[in-house]
Amino acid sequence: MSEPGVPSFDQLSVFLTVVETGSFAAAGRRLHRATSAISYAIANVELQLGVALFDREKTRKPTLTDAGKAVLAKARAVATGMNDLRACVSGLLDGLEAEV
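Residues numbered from 1 in each chain as written. Predicted model: local features only at pLDDT ≥ 70, side-chain atom pairs only at ≥ 80, totals over all residues. Heavy atoms only, no water.

Caption draft 1: Examining helix H3 (residues 35-49) more closely. Taking 1.5 Å of rise per residue, 15 residues should cover 21 Å, and H3 covers 21 Å from first to last C-alpha, within 8% of that figure. Along H3, the residues classified as buried are Ile38, Ala41, Ile42, Val45 and Glu46. Along the long axis of H3, the arc covered by the buried residues comes to 130°, so they all point the same way. Away from the buried face of H3 by more than 90 degrees, exposed residues Ser36, Tyr40 and Leu47 are located. One or two steps after H3, the chain reaches glycine 50, where phi turns positive at roughly 80°. (Helix = DSSP H or I, 4+ residues; strand = E, 2+ residues; numbered from the N terminus. Expected span 1.5 Å × (residues − 1). Buried < 20%, exposed > 50% of the residue type's maximum accessible area, 1.4 Å probe, protein only. Arc of directions from axis to C-beta.)

What follows is the structure in structure tokens.
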């Protein structure tokens with residue numbers, strides 16, 4: 001069994017946006033990207049991780065697989081961590097002192 005790859009933050013953001021909006025087309029509209037670019041990003045993250053995140057066969061609306069549900073919680077944690085990092089750096093740039 002091979003080790004999973006490391007998805008980019010952009011790929012995780014696309015994944016989270018598809019989940020939040022409920023479709024690849026809606027995610028594309030929110031992110032100002034073509035639906036095909038969203039589909040391509042999801043296909044790439046699935047390939048990197050070695051698991052299907054969405055079941056696209058049973059319905060027109062992408063439905064999370066069990067693996068997708070497990071990855072979702074971790075992707076949200078990564079996004080929260082990245083937002084915290086950005087807020088910290090923004091504060092530093094605005095002259096706030098770093099924590100001691």
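Alright, that's what it looks like, and here's the rest.
Caption draft 2: Geometry of a nonpolar patch on the surface. Together, Leu85, Val89, Leu92 and Leu93 line one region of the surface with nonpolar side chains, adding up to about 390 Å² of accessible area. For leucine 92, the location among the structural elements is in helix H4 (residues 66-93). (Patch = residues over 30% accessible without salt bridge, like charges linked within 9 Å, V, L, I, M, F, W, Y side chains within 5 Å. Areas by Shrake-Rupley, 256 points an atom, 1.4 Å probe, with all protein chains shown as cover. Salt bridge = Lys/Arg side-chain N within 4 Å of Asp/Glu carboxyl O.)

Caption draft 3: Focus on the side chain of glutamine 11. Inspection of the secondary structure assignment puts glutamine 11 in helix H1 (residues 9-21). Overall, the relative accessible area of 12% leaves glutamine 11 in the buried class. Leave out the neighbours within four places in its chain, and glutamine 11 touches Ala41, Asn44, Val45 and Gln48. (Contact = heavy atoms within 4.5 Å.)

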